[in-house]
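One letter stands for each residue in the lines below.
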Amino acid sequence: MSQSASRKGSRVVKILGIITLIGAIVAVGRIVLKVFNEKEAEPEDGHNGV
């Protein structure tokens, strides 16, 4: 019975690890997109009619 419980626990840990990894990737992706969107909204300084 302990082998069955350890397999089940191992499977739960793996699933939680995968969910955590996906959540971290999504969070980093959202931060990167937010930074890129803020940079594109700013006007360029090089072309001010000088």
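The next subject is the overall build of the protein chain. Per the secondary structure count, the protein chain includes one helix and zero strands. Out of the 50 residues belonging to the protein chain, those deemed buried represent 0%. When the accessible surface of the protein chain is split by element, carbon and sulfur atoms take 64% of a total near 5,100 Å².

The next subject is a nonpolar patch on the surface. A contiguous nonpolar surface patch, about 370 Å² in accessible area, is contributed by V12, I15, L16 and I19. Here I19 lies in helix α1 (residues 2-41). Classification of I19 as exposed rests on a relative accessible area of 53%.

So, how was this worked out
- Residues numbered from 1 in each chain as written.
- Predicted model: local features only at pLDDT ≥ 70, side-chain atom pairs only at ≥ 80, totals over all residues.
- Heavy atoms only, no water.
- Helix = DSSP H or I, 4+ residues; strand = E, 2+ residues; numbered from the N terminus.
- Buried < 20%, exposed > 50% of the residue type's maximum accessible area, 1.4 Å probe, protein only.
- Areas by Shrake-Rupley, 256 points an atom, 1.4 Å probe, with all protein chains shown as cover.
- Patch = residues over 30% accessible without salt bridge, like charges linked within 9 Å, V, L, I, M, F, W, Y side chains within 5 Å.
- Salt bridge = Lys/Arg side-chain N within 4 Å of Asp/Glu carboxyl O.

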